[in-house]
Amino acid sequence: MPQYQAVKGARDIFPEESAQWKYVEGVIHTVASLYGFSEIRTPVFEYTELFQRGIGSTTDIVGKEMFSFLPDPNGRSITLRPEMTAGVMRAALQKNILSAAPVHKLYYIGELFRKERPQAGRQRQFSQFGAELLGVSTPAAVAEVITLMMQVFESLGLRNLRLRINSLGDSDDRFRYREALKTYFVPFHDRLDDSSKERLEKNPLRILDSKNPAIQEIVAGAPRLYDYLSVASVEDFEKVLYYLDERGITFEIDHRLVRGLDYYCHTAFEVTSSELGAQDAIGGGGRYDGLARELGSSSEVPASGFAAGMERVLLTMEKQGLFAALTPQGPVVYVVLQQAELADHGMQVAWRLRKAGIRTEIDLAARSMKAQMREANRMRASWALFIGSAEVTTGLYAFKNLVTSEQTTLSLEAVLETLHETASGELQK
Ligand code: HAM
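Now for a description of the structure that goes with this document. Just so it is clear, the structure is predicted and the values come from calculations on it, not from any experiment. (Residues numbered from 1 in each chain as written. Predicted model: local features only at pLDDT ≥ 70, side-chain atom pairs only at ≥ 80, totals over all residues. Heavy atoms only, no water.)

1. Points about the packing of aromatic side chains
Phase 1 of the analysis: Tallied over the full model, the rule gives eleven aromatic pairs.
Phase 2 of the analysis: Relative to Phe 69, the ring of Phe 45 has its centre 6.4 Å away and its plane inclined at 65 degrees; by these criteria the two rings are edge-to-face. Of the two residues, Phe 45 is situated in strand E2 (residues 45–47) and Phe 69 in strand E3 (residues 68–69); the sequence distance between them amounts to 24 residues.
Phase 3 of the analysis: When its relative accessible area of 35% is taken as the criterion, Phe 69 is described as partly exposed.
Phase 4 of the analysis: Between Trp 383 and Phe 399, the aromatic rings sit 4.6 Å apart at their centres with planes inclined by 0 degrees, giving stacked as the arrangement. Here Trp 383 is found in strand E14 (residues 383–387), whereas its partner Phe 399 is found in strand E15 (residues 396–401), with 16 residues between them in sequence.
Phase 5 of the analysis: What makes Trp 383 buried here is its relative accessible area of 10%.
Phase 6 of the analysis: In this structure an aromatic cluster arises from ring pairing among Phe 129, Phe 153 and Phe 306.
Phase 7 of the analysis: Stacked on the ring of Tyr 47, the Lys or Arg Arg 76 has its end atom at 3.8 Å from the ring centre.
Phase 8 of the analysis: One Lys or Arg, Lys 115, reaches over the ring of Phe 67 and ends 5.5 Å from the middle of that ring. (Phe/Tyr/Trp six-rings, centres within 6.5 Å; stacked < 30°, edge-to-face > 60°. Helix = DSSP H or I, 4+ residues; strand = E, 2+ residues; numbered from the N terminus. Buried < 20%, exposed > 50% of the residue type's maximum accessible area, 1.4 Å probe, protein only. Lys NZ or Arg CZ within 6 Å of the ring centre and 35° of its normal.)

2. Side note on unusual backbone geometry
Phase 1 of the analysis: The phi angle at His 266 is positive, at roughly 50 degrees, despite the residue not being glycine.
Phase 2 of the analysis: Structurally, the position occupied by His 266 is in strand E9 (residues 265–273).
Phase 3 of the analysis: Residue class for His 266 comes out buried when judged on its relative accessible area of 9%.
Phase 4 of the analysis: A positive phi angle is found at Ala 366, which is not glycine, with a value near 50 degrees.
Phase 5 of the analysis: Locating Ala 366 in the fold gives a position in the loop between strand E13 (360–362) and helix H14 (369–378).

3. Some points on the site of the ligand
Phase 1 of the analysis: Around the ligand, a shell composed of 26 residues is seen, among which Glu 83, Glu 116, Gln 123, Glu 132 and Tyr 264 lie nearest.
Phase 2 of the analysis: Side-chain polar atom of Thr 85 to a nitrogen atom of the ligand: 2.9 Å apart, as the coordinates give it.
Phase 3 of the analysis: Taking Arg 114, its side chain carries an N or O atom lying 2.9 Å from an oxygen atom of the ligand.
Phase 4 of the analysis: Considered on its own, the ligand offers 660 Å² of accessible surface; in the complex 96% of this is hidden by protein.
Phase 5 of the analysis: At the level of secondary structure, the elements contributing two or more residues to the shell around the ligand comprise strand E6 (125–134), strand E10 (281–287) and strand E11 (303–309).
Phase 6 of the analysis: Of the residues contributing to the shell around the ligand, the split by class is ten nonpolar, nine polar and seven charged. (Near = heavy atom within 4 Å. Polar contact = N/O pair within 3.5 Å; in protein donor to acceptor, adjacent residues only side chain to side chain. Areas by Shrake-Rupley, 256 points an atom, 1.4 Å probe, with all protein chains shown as cover. Nonpolar A, V, L, I, M, F, W, Y, C, P; charged D, E, K, R; others polar.)

4. Topic: the environment of Val 27
Phase 1 of the analysis: Note that Val 27 resides in helix H1 (residues 15–34).
Phase 2 of the analysis: In this structure, the C-alpha to C-alpha distance between Val 27 and Val 152, residues 125 residues apart in sequence, is 6.9 Å.
Phase 3 of the analysis: Residue contacts for Val 27: discarding those within four places in its chain leaves Val 152, Ser 155 and Leu 156. (Contact = heavy atoms within 4.5 Å.)

5. As for the sheet that holds E2
Phase 1 of the analysis: Pairing within the open sheet is antiparallel, and its three strands lie in the order E2-E4-E3. Two strands close off the open sheet at either side, each with one partner strand: E2 and E3.
Phase 2 of the analysis: Of the strand pairs in this sheet, E3 and strand E4 (residues 78–80) are connected by two bridges, and their pairing is antiparallel. When the sheet's bridge partners are listed, Ser 68 is paired in E4 with Thr 79.
Phase 3 of the analysis: Each of E2, E3 and E4 touches helix H2 (residues 48–55); the most contacted strand, E2, lies at about 80 degrees to it. (Pairing = 2+ DSSP bridges. Axes fitted to C-alpha atoms, helices over the stretch in contact; angles between N-to-C directions.)

6. Remarks on the sheet that holds E15
Phase 1 of the analysis: The strand order E13-E12-E14-E15-E16 describes an open sheet built from five strands, whose pairing is mixed. Where the open sheet ends on each side, the last strands, each with one partner, are E13 and strand E16 (407–411). The mean angle between the axes of side-by-side strands here comes to 30 degrees, regardless of whether they run parallel or antiparallel.
Phase 2 of the analysis: Of the strand pairs in this sheet, strand E12 (residues 333–337) and E14 are connected by five bridges, and their pairing is parallel. Each bridged residue has a counterpart across the sheet, and for Leu 337 the counterpart in E14 is Ile 387.
Phase 3 of the analysis: Sheet strands touched by helix H13 (residues 343–355): E12, E13, E14 and E15. Its angle to E13, the strand with the most contacts, is close to 165 degrees.
Phase 4 of the analysis: Sitting on the sheet, helix H16 (residues 412–421) is in contact with E12, E14, E15 and E16, with an inclination near 120 degrees to E16.

In structure tokens, the structure reads:
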């Protein structure tokens, strides 16, 4: 085994796989633009307080999963971003973009870091794509965010996804519900595990999130948040569901869905894929009107958004055979050297073709002509252009169509003309 390995929970993406990533990213860019979302890129690290305030200090992410460090002994702690929403809101507030235009629709694709135990579909460095709609969080806005997410999944061809949705109400609703939860859990105190006991003190809603089967059994009888919602909160939620229904988006109401971040209010949702095993959440999000204030904004910024795990999207696509049609782009022309001494001339020709926008390959390892032809076929080159001593003197090259095996003799200008006129557009796609 080589001495150096990638850090546990981080992985390399080799060309075959990066072609899949590029394809998925292309679909994301296209669908996001259909909905009028523009791309934002924020730094990979932020001051630690941003996440403590934004995501919530009682959450697993802030409590135990952040990669934080002090850049210098007296400096402020910095954290590799564990999610994008807090950073996007920070950026919007910092640049004060909402004063120029009241609504901003932003999307992103980026790397994130969480100190979780690595397993299939769960990494310490992973990527998300997502969108944040800032400035308005009406049911129409929230439905737009969910619809955008589902259209990306649909455009990628993903099947068997389950969208679960819930309303977390407003802070008054949640206050009443928290009290009810406390009253419910107290008699079970002795049966609660340590983390649930701690959650009961600090944030009883988090207990609903427990993966422990013994706790889930107790949770099954707990009161439902839905029953503590105000009339206005119920109406808001019903309107979001109405839009989804209208658009033929299938969902299930899940009264236990609370999500692992503290900034949510009203609608929250999660999508799971049956293909994924234990780590089956492919994406999730919701409305977060309180985040801006939490980050020190003097006025409220109504907002909603979602994020989906790129690796989990790709894993699901792989399992559903959705990459089968994705063949790597081969060169259009393979420049074949009849003798190694002609390499300089060959390089010049290859450079001219590349400058003219033609994907071109040439052997850099002085291999035999037979080996070069084998390589051209392996790479599925469409044409071979031969460089022999006669070609160098006359400036006319043997040019072979590797699909039909037809061969002609042409000047380089005529080669370029042929490539641009014939199927070159198709070959270069
Ligand atoms: P989240 O549910 O923490 O939400 O993450 C969203 C998605 O990121 C998950 O559904 C999962 O697919 C992926 N993911 C999370 N952790 C890992 C990991 N360790 N390895 C691989 N994939 C992972 C958020 O991050 C919110 N910021 C979403 C949001 C945006 N809410 C509003 N706007």
